[in-house]
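Residue-level structure breakdown
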Amino acid sequence: RGSSYVSEMLTWMLTQAQVSLHNISINWHGKSGFLVPVYKLALNINNSDFSHVIVGDLQLKQAMATRLHFVVDLSAGAIDSPDFKASMYMKANNIALAQWAAMPRLAPYLKGVSIKSGQADMGVWAKFSHGHLHDVHTQLAIHHMALSGSLLKQQDMFNVLRANTYWEQTKKGWDFSADHL
């Protein structure tokens, strides 16, 4: 049943006035076999005729637990509707960089570089309209990141690396800006 069961469950949750789930554990296996063990998931969903607000907290089970908080606000029906709008906020603390860099989907972006250690805290705000991602704002703080690889002469260590970034879709493509680097 797999994905059809998940789709049915999500459809049901979005048609109820309110849904609260607490202390849920999930072992999510990606297509490539990458395991994401989620525990202490708390999910609150509030629905009205044309609006859905989803608020959640979870932890990833690892040596130093990554904590994730998110809020998703959906409005105006179906994703492909011209009136569809959504905004999303996510905050993550204690992201284990070496663990996530090992994900097969991320490996192509890290050609010649290996992340040996480090942890990150980040906040992400995203807006969707007309079925498309419109803009993304991130605040990122990386601590004690060690890099090595063929592109580097020696192992590099960053004690603290901070960035504030903004991506915005325009008619010509994506504009990118960053500050507080």
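Nothing here was measured: the structure is a model prediction, and the numbers come from that model.

In this section: the overall build of the protein. Counting secondary structure elements, the protein contains 2 helices and 9 strands. Taken from N to C terminus, the helices and strands of the protein fall in the order α-β-β-β-β-β-α-β-β-β-β. In terms of its C-alpha atoms, the protein occupies a principal-axis envelope of roughly 60 × 40 × 25 Å. In the protein, buried positions account for 29% of the 181 residues.

Looking at the protein, pLDDT values average 86 and 93% of them are 70 or higher. Per-element mean pLDDT across the protein ranges from 79 in helix H1 (residues 2-15) up to 94 in strand E5 (residues 85-96).

Below, the discussion takes up the side chain of His143. If you trace the backbone, His143 turns up in strand E7 (residues 132-148). Of the residues examined, His143 reaches a relative accessible area of 16% and is grouped as buried. His143 has contacts with Gly118, Gln119, Asp121, Phe158, Asn159, Val160 and Arg162, leaving out every residue within four places of it along the chain.

A separate point is the nonpolar core. Residues Val38, Ile45, Ile54, Leu58 and Phe70 are the most contacted members of the largest nonpolar core, which totals 14 residues. Setting aside residues no more than four positions away along its own chain, Leu58 makes contact with Val38, Tyr39, Lys40, Leu41, Thr66, Arg67, Leu68 and Phe70.

Thresholds applied
- Residues numbered from 1 in each chain as written.
- Predicted model: local features only at pLDDT ≥ 70, side-chain atom pairs only at ≥ 80, totals over all residues.
- Heavy atoms only, no water.
- Helix = DSSP H or I, 4+ residues; strand = E, 2+ residues; numbered from the N terminus.
- Buried < 20%, exposed > 50% of the residue type's maximum accessible area, 1.4 Å probe, protein only.
- pLDDT = per-residue confidence, 0-100.
- Contact = heavy atoms within 4.5 Å.
- Core = buried A, V, L, I, M, F, W, Y, C linked by side-chain atoms within 4.5 Å.

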